[in-house]
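Residue-level structural notes
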Amino acid sequence: EIAQAPVSAPRPPLADLLARAESLSSSGKFLDAYELLDGAEDTYIGVIEFDYALGRAALDAGRPDKATLALSRVLALDPGHAGASIDIGRAYLALGNYDQARATFETMLGLDPPPAVRAQLQAYLEQARAAGQDRSPKSGRSQHGYLAAVYGRSSNVNQSPGQSQVFIPAFGATYQLSNQNVRKADGFAGVMGGVDASLPLNGIYSLIVGGDFAERRNNHESAFDLGGLGARVGIAATTQAQLLRLQLFTGRDYLGGSPSRDMNALGLDYFRDLGADTQLLALAQAGRLRYLPEGLKIFDADFGTLGIGASRKIAGDSTAFVTVSTGHMNDVGGNPSGDRRQLGLRVGADAAILPRLRLMGNATWERGRYDRFDPSFLTERRDFVTYFELALEYALAQRTSLRLSLAQTDQRSNISIYAYDRTEAWLTLRYEFR
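Summary of the structure given here.

1. Concerning the packing of aromatic side chains
- Counted according to the given criterion, the structure contains 4 aromatic pairs.
- Aromatic pair Tyr291 and Phe299: ring centres 6.2 Å apart, planes at 65°, arrangement edge-to-face.
- Residue Phe299 is classed as partly exposed on the basis of its relative accessible area of 31%.
- Each ring, one from Trp365 and one from Phe388, has its centre 5.8 Å from the other, and the planes form 85°; the classification is edge-to-face. Placement of the pair is Trp365 in strand E13 (residues 357-374) and Phe388 in strand E14 (residues 379-395), with a sequence separation of 23 residues.
- By relative accessible area, Trp365 is classed as partly exposed at 30%.
- In this structure, Arg216 packs its charged tip against the face of Phe188, placed 3.7 Å from the ring centre.
- One cation-aromatic arrangement involves Arg430 over Tyr146; the distance from NZ or CZ to the ring centre is 3.8 Å.

The structure is reproduced here in structure tokens:
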């Protein structure tokens, strides 16, 4: 008897079909991918995975009319399918159904998507508004916002080291830190909100304005209560695949109920779509920080930041993103550490794990280098910060969500008084309005 080589089990016909279509799309053969799937529509119509792939292939191949039919079938079976919701909005946009496109993107924004997806939706929304303005001058005005309440606990509300003593090399002695400068744990509660509005000026340009506020009060450590007010105004320029925003920012932070710091800045954001799934982003910002209490003015600084990144839809309605940034803070107040140069990396993703439940996470790493020799600690300061956050979000209703978040911050420094760690957990109830 002649031994035979084992035969691999064939892939299921649908899985093989979808893999071949994906391969064609990845090679830029969008029309071939669409025609392959279109030929099998009678066999697999009504199967969510097939209809979603067909809808996206039709959109990439320039057939938005066909895309809306396929994506509508997906949403009829799975109303929470975020990928199909976004893509059907894009199909409406391509068909010139600007009111439907705008309503679709506003609804998705009302579900509080992660930052990378929010930026992508905002870009599409601006396109729908601007295009609709050409047809009807009054149709492009819009506004949306949110209100939220938070409740949680922090292991370190004052961002201070856990040790009460510090060794100062210049004096060869150990000194006792004041009680206010040693880590304190406490519970907290707060409220926050914001609003953004857009007024199209013509088919490309829009006037954009916005503002936000936040207030977080500790149960016991009221000296470290936090608050803030901010406002922004600018111009947005939108084309079919690009969004450019130039904005002026101003804000004031509060500590312990008193004004703590003012910020003024000019920012530039750029977003560009690369196909159906990928979006590139770039940002630049320059401004100044000015502290109001006399004892904190030594931390006054002028700053600048540059960043570049990308987001990509994966596995249907999941998204991943990455950004790299660099920046500087030029000392203007006499900071003993001098000027600061920084380099940062941020990555994250979100995914639907149940129809109303999403899992989100992000991680940030940032290195800071100072250029002045500290005479007390006999060294130049070096910091390294790591931040991790994980959240579960449940959609209570179309515009209302409940999110449980856990976060860990670690700042390591060669100067011990600047090193600290913090663990926080909080619950956020959020309502979106428009």
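2. Description of the pattern of salt bridges
- If you walk through the whole model with that rule in mind, you get 27 salt bridges.
- Arg20 serves as the salt-bridge partner of Asp16, at 3.9 Å between the closest nitrogen and oxygen. With Asp16 and Arg20 both in helix H1 (residues 13-26), this residue pair falls 4 residues apart, about one helical turn.
- Since its relative accessible area comes to 25%, Asp16 is described here as partly exposed.
- The residue Asp212 makes a salt bridge to Arg232 at a minimum N-O spacing of 2.8 Å. Of this pair, Asp212 sits in strand E5 (residues 205-218) while Arg232 sits in strand E6 (residues 226-238), placing them 20 residues apart in sequence.
- We classify Asp212 as partly exposed; its relative accessible area is 34%.
- Bridged by salt links that share partners, the residues Asp38, Glu41, Asp51, Lys66 and Arg73 form one connected network.

3. Notes on the pairing of strand E7 (residues 242-255)
- Sheet analysis places E6 next to E7, joined by 13 bridges and oriented antiparallel. Across the sheet, the residue bridging to Leu229 is Arg252, located in E7.
- Across 14 bridges, the pairing between E7 and strand E8 (residues 258-274) is antiparallel. Bridged to Gln242 within E8 is Arg272.
- Hairpin connection from E7 to E8: 2 residues lie between these consecutive antiparallel strands, with Gly256 at a positive phi of about 65°.

Conventions used here
- Residues numbered from 1 in each chain as written.
- Predicted model: local features only at pLDDT ≥ 70, side-chain atom pairs only at ≥ 80, totals over all residues.
- Heavy atoms only, no water.
- Phe/Tyr/Trp six-rings, centres within 6.5 Å; stacked < 30°, edge-to-face > 60°.
- Buried < 20%, exposed > 50% of the residue type's maximum accessible area, 1.4 Å probe, protein only.
- Helix = DSSP H or I, 4+ residues; strand = E, 2+ residues; numbered from the N terminus.
- Lys NZ or Arg CZ within 6 Å of the ring centre and 35° of its normal.
- Salt bridge = Lys/Arg side-chain N within 4 Å of Asp/Glu carboxyl O.
- Pairing = 2+ DSSP bridges.

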